[in-house]
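# Architecture and fold: a report
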Amino acid sequence: ETGVTQTPRHLVMGMTNKKSLKCEQHLGHNAMYWYKQSAKKPLELMFVYNFKEQTENNSVPSRFSPECPNSSHLFLHLHTLQPEDSALYLCASSQDSLAGSYEQYFGPGTRLTVT
Amino acid sequence: GQQVMQIPQYQHVQEGEDFTTYCNSSTTLSNIQWYKQRPGGHPVFLIQLVKSGEVKKQKRLTFQFGEAKKNSSLHITATQTTDVGTYFCAGLGANDYKLSFGAGTTVTVRA
């Protein structure tokens, strides 16, 4: 157990649905991240938040909408997704948001399938 | 932007043998991290290397950072079944401070 929880663990949604992924960290960290992990591809950093402020958006399509109400919670709102968006979505946290300067603690991930 | 390449993509190892996985960046890195992801699990931080030529050991795992800070390696001795998983490197660009993950080396062990 890394202190980072994610819900739901599995999600199947149609292309017209709207759903949200939730992440919570109990480590007192200031930075939180969303990653996408697809088969046979490197981990893709999607968004970075530091002290609730978004500091990085790596050209992610607008059908993915992050929300960070406080340093402990991070959401990823999903709408009108495409089948190629099916992947494992990982949340991570670290002491600070200079990604790569501090070790990141990953949650168990949400396995998303878009039908 | 920088690219981080990892080789090999797959490593099939006989239990008790040694192996090495390599990580190469197209640009100079500020530091490099290594993570391990067990099958069905999530990445877990192993180590961070910062200094040119740095070598760190964790039991049977030896991590190296190249002199030019553009490559790194992970060497595992006397492989055990507990070493099964995918090992990722993640490099922080020295100029743009962008973190890039390699695609990982997936290790399987023959008993």
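We now turn to the structure provided with this report. (Residues numbered from 1 in each chain as written. Chains lettered and ligands numbered in written order. Predicted model: local features only at pLDDT ≥ 70, side-chain atom pairs only at ≥ 80, totals over all residues. Heavy atoms only, no water.)

### Brief notes about the overall build of chain A
So the rule is basically this: A run of DSSP states H or I qualifies as a helix once it reaches four residues; a run of E qualifies as a strand once it reaches two. Both are numbered from the N-terminal end. The size measure is the radius of gyration over C-alpha atoms, and the globule rule it meets is 2.2 Å times the number of residues to the 0.38 power. For every residue, the accessible area (1.4 Å probe, protein chains only) is compared with the maximum for its type, and the residue is labelled buried under 20%, exposed over 50%, or partly exposed between those bounds. Contacts between residues were defined by any pair of non-hydrogen atoms, one from each residue, lying within 4.5 Å. The accessible surface values rely on the Shrake-Rupley method and a 1.4 Å probe; as for residues, cover is taken only from the protein chains in view. Asp and Glu count as negative and Lys and Arg as positive, but His and the ends of the chain are not part of the count. Here the site of a charge means atom NZ of a Lys, CZ of an Arg, CG of an Asp or CD of a Glu.
Helix and strand counts for chain A stand at 0 helices and 11 strands. If you list the helices and strands of chain A from N to C, you get β-β-β-β-β-β-β-β-β-β-β. Relative to its length of 115 residues, chain A is compact, with a C-alpha radius of gyration of 13 Å against a globular reference of 13 Å. Each of the three principal axes of chain A carries a C-alpha extent, and together these read 35 × 30 × 30 Å. When each of the 115 residues of chain A is scored for burial, the buried share is 49%. For chain A, the proportion of contacts with a sequence separation of at least 24, taken over those separated by at least 6, is 55%. Just so you have it, chain A exposes about 5300 Å², and 48% of that area is on carbon and sulfur atoms. In chain A, which carries 10 positive and 10 negative side-chain charges, the distance between the mean positions of the two groups comes to 10 Å.

### Remarks on the packing of aromatic side chains
Two aromatic rings are characterised by how far apart their centres lie and by the angle between their planes. We apply this condition: The pairing test for Phe, Tyr and Trp rings, Trp by its six-membered ring, is centres within 6.5 Å, and the orientation test on the planes gives stacked under 30 degrees, edge-to-face over 60, and tilted for anything in between.
Scanning the model with the defined rule gives 8 aromatic pairs over all chains in all. Ring centres of Phe106 of chain A and Tyr35 of chain B lie 5.6 Å apart, and the angle between their planes is 90 degrees; this geometry places the pair in the edge-to-face category. Linking Phe106 of chain A in strand S10 (residues 105–106) with Tyr35 of chain B in strand S4 (residues 29–37), this pair reaches from one chain into another. Residue classification places Tyr35 of chain B among the buried residues on the basis of a relative accessible area of 0%.

### Some thoughts on the interface of chain B and chain A
How we decide: A 1.4 Å probe defines the accessible area here, and the buried area is the portion of it lost by two parts on being joined, summed over both. When a carboxyl oxygen of Asp or Glu lies within 4 Å of a side-chain nitrogen of Lys or Arg, that pair is called a salt bridge. Definition of a polar contact: a pair of N or O atoms within 3.5 Å, with one able to donate and the other able to accept a hydrogen when the atoms are protein atoms, and with sequence-neighbouring residues admitted only if both atoms are side-chain atoms. For this scheme, ten residues count as nonpolar: Ala, Val, Leu, Ile, Met, Phe, Trp, Tyr, Cys and Pro. Four count as charged, namely Asp, Glu, Lys and Arg, and the remainder, Gly too, count as polar.
Taken residue by residue, the interface counts 18 residues in chain B and 20 residues in chain A. Both sides together, the interface formed by chain B and chain A hides about 1600 Å², and carbon and sulfur atoms give 57% of it. Contact with chain A buries surface across chain B, with His42, Leu99 and Phe101 of chain B losing the most and accounting together for 32% of the total. Where chain B meets chain A, there are 0 salt bridges. The interface formed by chain B and chain A holds 3 residue pairs in polar contact (both at pLDDT 80 or more) in total. Of all the elements, S4 of chain B adds the most residues to the side of chain B that touches chain A, at 4 residues. Class assignment of the residues belonging to the side of chain B that touches chain A gives a composition of 10 nonpolar, 7 polar and 1 charged.

### Digging into the side chain of Gln6 of chain B
Along the chain, Gln6 of chain B falls in strand S1 (residues 4–7). A polar side-chain atom of Gln6 of chain B sits 2.9 Å from the main-chain amide nitrogen of Gly104 of chain B.

### Examining the layout of surface pockets
Here is the rule we go by: With a 1 Å grid spanning the protein atoms alone, the term cavity applies to any set of points in which a 1.4 Å probe fits but cannot get out, the term pocket to an open set with protein on both sides within 12 Å along at least five of seven lines, and the term lining residue to any residue with an atom within 4 Å of a point. Grid points are joined across faces, edges and corners, and a volume is the space filled by probe spheres set on the points.
Size it by volume and the largest pocket reaches roughly 590 Å³. In terms of lining, the largest pocket is formed by 28 residues, of which the most central are Gln37 and Ala39 of chain A together with Gln37, Thr86 and Phe88 of chain B. If you list the elements that add at least two residues to the lining of the largest pocket, you get strand S9 (85–93) and strand S11 (105–110) of chain B. Its residues assigned to classes, the lining of the largest pocket comprises 9 nonpolar, 14 polar and 5 charged.

### Details of the environment of Gly107 of chain A
Inspection of the secondary structure assignment puts Gly107 of chain A in the loop between S10 and strand S11 (110–114). With 104 residues separating them in the primary sequence, Gly107 of chain A and Gly3 of chain A have C-alpha atoms 7.6 Å apart.

### Quick notes on the state of the cysteines
Residue and element names in this part refer to chain A. Going by this rule: Note on disulfides: each one is a pair of cysteine sulfur atoms within 2.5 Å.
Tallied over the entire structure, the rule returns 2 disulfides over all chains. Across the disulfide from Cys23 sits Cys91; the S-S distance is 1.9 Å. Between Cys23 and Cys91, the S-S torsion sits near -75 degrees, and that sign places the bridge as left-handed. With Cys23 in strand S3 (residues 18–25) and Cys91 in strand S9 (residues 87–94), the pair connects residues that are 68 residues apart, well separated along the chain.

### Topic: the nonpolar core
The condition is simple: In this description, a nonpolar core means a group of buried Ala, Val, Leu, Ile, Met, Phe, Trp, Tyr and Cys residues linked to one another through side-chain atoms lying within 4.5 Å.
Ranked by size, the top nonpolar core spans 22 residues in total, and within it Trp34, Phe64, Leu76 and Leu78 of chain A carry the most contacts. Core analysis: the next-biggest nonpolar cluster, separate from the first, contains 19 residues, Leu29, Ile47, Phe65 and Tyr87 of chain B among them.

### Structural notes on the pairing of S3 of chain A
Which entries qualify depends on this criterion: What makes two strands pair is DSSP finding at least two bridges between them.
Pairing of strand S1 (residues 4–7) of chain A with S3 of chain A, which is carried by 4 bridges, proceeds in the antiparallel orientation. Paired with Thr7 of chain A across the two strands is Lys22 of chain A, which belongs to S3 of chain A.

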